[in-house]
Amino acid sequence: MRLPRRRFLHLAAGAAVLPAAPLLAKAQGATVMKLATATLNDAQHEWMKRFAAAIETKSAGRIKAELYPASQLGAIPRQIEGVQFGAIQVAEIPPEFFVGVDERFEVMAAPGLVDSIEHAQRVAADPVVRKLMFGIGGNKGLHVAGLFMAQPSSVITKTGIRHLADFKGKKIRVFASQFQTEAFKRLGATPVAMTLGDVLPALQQGAIDGAIAGIGPYVHLHFNDAAKYVTETNQPAIFLIFAVSQKWYDMLPKDLQEVVDKAGAEVSRSIEPVALKLYQEQRKAWTDAGGELIALPREEQAEMMKTLSSVGDDVSKNKPAVRDAYQIVTDAAKRLRQPPSQ
């Protein structure tokens, strides 16, 4: 699905001036819940669809869900603002983009935190991690209702990164996280924080040499129009949080608040096989469309991980709150590295 360019730009631009509508807008007697995300036809979009269906069923139609993937309600910063002010009820976004709200959100982006989607899902479901991540942002307009890993990250470039040395001197788009900027600096690249909607034109215009993201956006947002080479570094993991507008949530009756929280938890637990399946399908779709998937030589992948192993400690050491949050998630990741015995 590719949105007509004129309609896409109109929707994106209009989101910046969304009116501060009543927090419980009504549609045929139901409470409207607008859900926004930056991507399309991938794990986060599937999460949204399942969450929306669960909400409508569990609320017996008292909440009506409207889905807006592919940044239809604006770029990621505008989506976050919309949720904080109540113009958007829910946004599904990598937590590191919320660092302007609270720096602790970025700890899930630490290099080497997890080594697979399965491992990541165990970490995301851990009660201690959930208590941390769900408790951040409540006093700044955000109520977190879900956490899961979508897929590993990779780096797309026009020329292809086949060796660690190929990172040197390249301008690489990163998420809004010091964990990512520091990691790419150590690899010799120049990190450029950028929201997803700006990446494709930046690649096409040569403003950046490459970008970090998941394989899903490369496929479904037609990045092969600008670049053919994807290096599967698999670091860091791309987690998603489901951020609900605290203003909207507080206006719901207690039973509907419980519906939102229970649906978020259930879909977060059940999404793992879907995410795994979509990840493999998207990798195949990329090569079927003429793109190339590149793996660093094994010894260079190990060297990269060694280079990045201290990023989390170094970034967080002078930030007590971030350091404590980082310790919580790394302790959980170590404890859950192996699945529990059956």
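Our subject is the structure listed above.
Residues numbered from 1 in each chain as written. Predicted model: local features only at pLDDT ≥ 70, side-chain atom pairs only at ≥ 80, totals over all residues. Heavy atoms only, no water.

**Student:** Would you explain the packing of aromatic side chains in this entry?
**Tutor:** Aromatic rings in a pair are described by how distant their centres are and how their planes are angled relative to each other. Tallied over the full model, the rule gives 10 aromatic pairs. For the ring pair Trp47 and Phe242, a centre distance of 3.9 Å and an interplane angle of 40° mean the geometry is tilted. Residue Trp47 is located in helix α2 (residues 43-58), and its partner Phe242 is located in strand β11 (residues 237-245); the two are separated by 195 residues in the primary sequence. Residue Trp47 is classed as buried on the basis of its relative accessible area of 0%. Note on Phe51 and Phe242: the rings are 4.5 Å apart at their centroids and 65° apart in plane angle, and the pair reads as edge-to-face. Of the two residues, Phe51 sits in helix α2 while Phe242 sits in strand β11, which places them 191 residues apart along the sequence. (Phe/Tyr/Trp six-rings, centres within 6.5 Å; stacked < 30°, edge-to-face > 60°. Helix = DSSP H or I, 4+ residues; strand = E, 2+ residues; numbered from the N terminus. Buried < 20%, exposed > 50% of the residue type's maximum accessible area, 1.4 Å probe, protein only.)

**Student:** Explain the pattern of salt bridges to me, please; I cannot follow it from the model alone.
**Tutor:** Pairs can form between side chains of opposite charge once their charged atoms are near each other. Evaluated as defined, the whole model comprises 16 salt bridges. Where Arg335 meets Asp126, a salt bridge forms, and the shortest distance between an N and an O atom there is 2.9 Å. Here Arg335, found in helix α14 (residues 320-335), pairs with Asp126, found in the loop between α4 (117-125) and α5 (127-135); they are 209 residues apart in sequence, far enough to count as distant. Between Lys284 and Asp288 there is a salt bridge, with the nearest N and O atoms lying 2.7 Å from each other. Taken as a pair, Lys284 and Asp288 lie in helix α11 (residues 272-288) at a separation of 4 residues, close to a single helical turn. On the basis of relative accessibility, which here comes to 53%, the residue Lys284 falls in the exposed class. (Salt bridge = Lys/Arg side-chain N within 4 Å of Asp/Glu carboxyl O.)

**Student:** What's the story with the nonpolar core in this structure? I'm lost.
**Tutor:** Among the nonpolar cores identified, the biggest contains 109 residues, and Phe51, Met108, Phe239 and Val260 are the most heavily contacted of them. Looking at this core, the element that brings in the most residues is β11, giving 8 residues. When neighbours within four sequence positions are excluded, Met108 is seen to be in contact with Pro95, Leu113, Val123, Val129, Met133, Leu147, Ala237, Phe239 and Val329. (Core = buried A, V, L, I, M, F, W, Y, C linked by side-chain atoms within 4.5 Å. Contact = heavy atoms within 4.5 Å.)

**Student:** Is there a simple way to explain the sheet that holds strand β6 (residues 154-157) in this structure?
**Tutor:** In sheet architecture, strand pairing relies on hydrogen bonds along the backbone and comes in two forms, parallel and antiparallel. With mixed pairing, the 6 strands of this open sheet are ordered in space as β8-β7-β9-β6-β10-β12. One side of each edge strand has no neighbouring strand; the edge strands of this open sheet are β8 (190-193) and β12 (292-294). On average, adjacent strands in this sheet sit at an angle of 30° to one another, irrespective of strand direction. With 2 bridges joining them, strand β7 (residues 171-174) and strand β9 (residues 210-213) adopt parallel strand pairing. Along β9, the bridge assignment pairs Arg173 with Ala211. Sheet strands touched by helix α6 (residues 178-186): β6, β7, β8 and β9. Its angle to β7, the strand with the most contacts, is close to 160°. Each of β6, β10 (229-231) and β12 is contacted by α11, which is oriented at about 125° to β12, the strand it contacts most. (Pairing = 2+ DSSP bridges. Axes fitted to C-alpha atoms, helices over the stretch in contact; angles between N-to-C directions.)

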